[in-house]
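Letter by letter, the chains look like this.
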Amino acid sequence: MKHIFKQGEPSKPTFVFLHGTGGDENDLIPLAEILDPTYNVLGVRGNVSENGMNRFFKRHGEGQYDVEDLKFRTTELHEFLESAADQYNFDLDKVVLVGFSNGSNIAISLMLNENMPYKKGLLFAPLYPLDVPEDLDLSGKSVYLSMGKNDPIVPVEASEYVRAIFKDRGAEVTEYWVNSHELNQATVLVAKETL
């Protein structure tokens, strides 16, 4: 997968930046300076093209996920991150997934997979309209959810569902409400506090 890696301090965690629809591996890199400039940084480009716009998985329409493709792309991204961890010598157990919109949604898919090691996410404008098993144990995981009160893409109920996915299954959840489908400085600064 196309990506950018920037070495941080050897013992520090690694940010994995996952862009929104139409973005690329460069989009979220500047957030590292605000969140923690000592961390390693890996910016990844999604492998799916939707009308020329990069995405991490296919969909049939707004909020209508291609579930088979989501499963395939989740495994594909995990395998890429495993190889990147070997190549760049970082610890996969200490990865912090940082996603915006479509990037948040694939990050959720990674975090919900019991066979994958991802424990921490900073998720901006997430949407995950799929059923999740009630007995999935997410204790030991923590997420920061930045959600929009007037988001034209993700209704408030859908944001509350994402919150419930994690909270009801034992994850530590920090939430922050912005206005729209956005990623602004205020929410990034609150996310920084959760690190």
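The numbers attached to residues start from 1 for each chain and follow its sequence in the written order. In keeping with the model being predicted, local features are shown solely for residues with a pLDDT of at least 70 and side-chain atom pairs are shown and tallied solely at 80 or more, while totals for entire chains, interfaces and linings include all residues. Side-chain numbers come from the whole structure's heavy atoms, not from hydrogens or water.

S.K.: It is not clear to me how the overall build of the protein chain should be interpreted in this structure. Could you clarify?
M.R.: Only runs of H or I of at least four residues qualify as helices and only runs of E of at least two qualify as strands under DSSP, and these elements are numbered from the N terminus. Counting its secondary structure elements, the protein chain contains five helices and 11 strands. Each radius of gyration is computed over the set of C-alpha atoms, and the globule rule expresses the reference value as 2.2 Å times the number of residues to the power 0.38. In terms of C-alpha radius of gyration, the protein chain reaches 15 Å, essentially the compact-globule figure of 16 Å for 195 residues. Taken along its principal axes, the extent of the C-alpha atoms in the protein chain is 40 × 35 × 35 Å. Each residue's exposure class comes from its accessible area (1.4 Å probe, protein chains only) as a fraction of the maximum for that residue type: buried when under 20%, exposed when over 50%, partly exposed otherwise. Relative to its full complement of 195 residues, the protein chain shows a buried share of 53%. Residue contacts are counted whenever heavy atoms from the two residues lie within 4.5 Å of one another. Within the protein chain, residue pairs in contact and separated by at least 24 positions form 68% of the contacts whose partners lie at least 6 positions apart. As presented, the protein chain carries roughly 8900 Å² of accessible surface, and 46% of it is formed by carbon and sulfur atoms. Calculation of accessible area relied on Shrake-Rupley with a 1.4 Å probe; when residues are assessed, cover is drawn exclusively from the protein chains displayed.

S.K.: Hey, could you run me through the environment of Asp135 in this one?
M.R.: Note that Asp135 resides in the loop between β9 (120–124) and β10 (142–148). Measuring from C-alpha to C-alpha, the distance between Asp135 and Asp168 comes to 9.5 Å, with 33 residues separating the pair along the chain.

S.K.: What should I look at first to understand the packing of aromatic side chains in this one?
M.R.: Where two aromatic rings form a pair, the distance of their centres and the angle of their planes describe that pair. Any two rings among Phe, Tyr and Trp, with Trp reduced to its six-membered ring, count as a pair given centres within 6.5 Å; such a pair is stacked if its planes are under 30 degrees apart, edge-to-face if over 60, and tilted if neither. For the coordinates displayed, the defined rule picks out seven aromatic pairs. Ring plane angle 10° and centroid distance 4.2 Å describe the contact between Phe5 and Tyr88, whose orientation is recorded as stacked. Remark: Tyr88 occurs in helix α2 (residues 67–88) and Phe5 occurs in strand β1 (residues 3–6); sequence separation between them is 83 residues. One aromatic cluster is present, formed by Phe5, Tyr88 and Phe90 through successive ring pairs.

S.K.: I tried to follow the nonpolar core on my own but got confused; where do I start?
M.R.: We call a set of buried residues a nonpolar core when its members are Ala, Val, Leu, Ile, Met, Phe, Trp, Tyr or Cys and they connect through side-chain atoms within 4.5 Å of each other. Counting 43 residues, the largest nonpolar core has Tyr128 and Phe166 as its most contacted members. In terms of nonpolar packing, the next biggest core, distinct from the first, is built from 18 residues, Phe15, Phe17, Val41 and Ala125 among them.

S.K.: Please clarify how the UniProt feature "domain: Phospholipase/carboxylesterase/thioesterase" (unreviewed entry) in the protein chain should be interpreted in this entry.
M.R.: UniProt positions are given in the numbering used here, feature names are shortened, and annotations may be inferred rather than shown by experiment. Residues given the UniProt feature "domain: Phospholipase/carboxylesterase/thioesterase" (unreviewed entry) here are residues 67–187. Secondary structure content for residues 67–187 is 39% helix and 21% strand, and the end C-alpha separation is 30 Å.

S.K.: Sorry if this is basic, but what is going on with the side chain of Asp36 here?
M.R.: Its location among the elements puts Asp36 in the loop between α1 (31–35) and β3 (40–44). We count Lys and Arg on the positive side and Asp and Glu on the negative side, and we leave His and both chain ends out. By definition here, a salt bridge exists when the distance from a side-chain nitrogen of Lys or Arg to a carboxyl oxygen of Asp or Glu is within 4 Å. Among buried Asp, Glu, Lys and Arg side chains, Asp36 stands out as unpaired, with Lys12 the closest opposite charge at 4.5 Å. When near neighbours in sequence (up to four residues on either side) are disregarded, Asp36 contacts Lys12 and Phe15.

S.K.: I keep staring at the sheet that holds strand β11 (residues 172–178) and nothing clicks. Help me out?
M.R.: Hydrogen bonds between backbone atoms are what pair the strands of a sheet, whose relative direction is either parallel or antiparallel. Only strands joined by at least two bridges in the DSSP assignment are considered to pair. Reading across from one edge, β1-β3-β2-β8-β9-β10-β11 is the order of the seven strands in this open sheet, with mixed pairing throughout. Each end of this open sheet is capped by a strand with a single partner; those strands are β1 and β11. The average undirected angle you get between the axes of adjacent strands in this sheet is 15°. Where strand β2 (residues 14–18) and β3 come together, five bridges link them in parallel fashion. In this analysis, axes come from line fits to C-alpha atoms, helices being fitted only over the stretch in contact, and the angle between any two N-to-C directions falls in the range 0 to 180 degrees.

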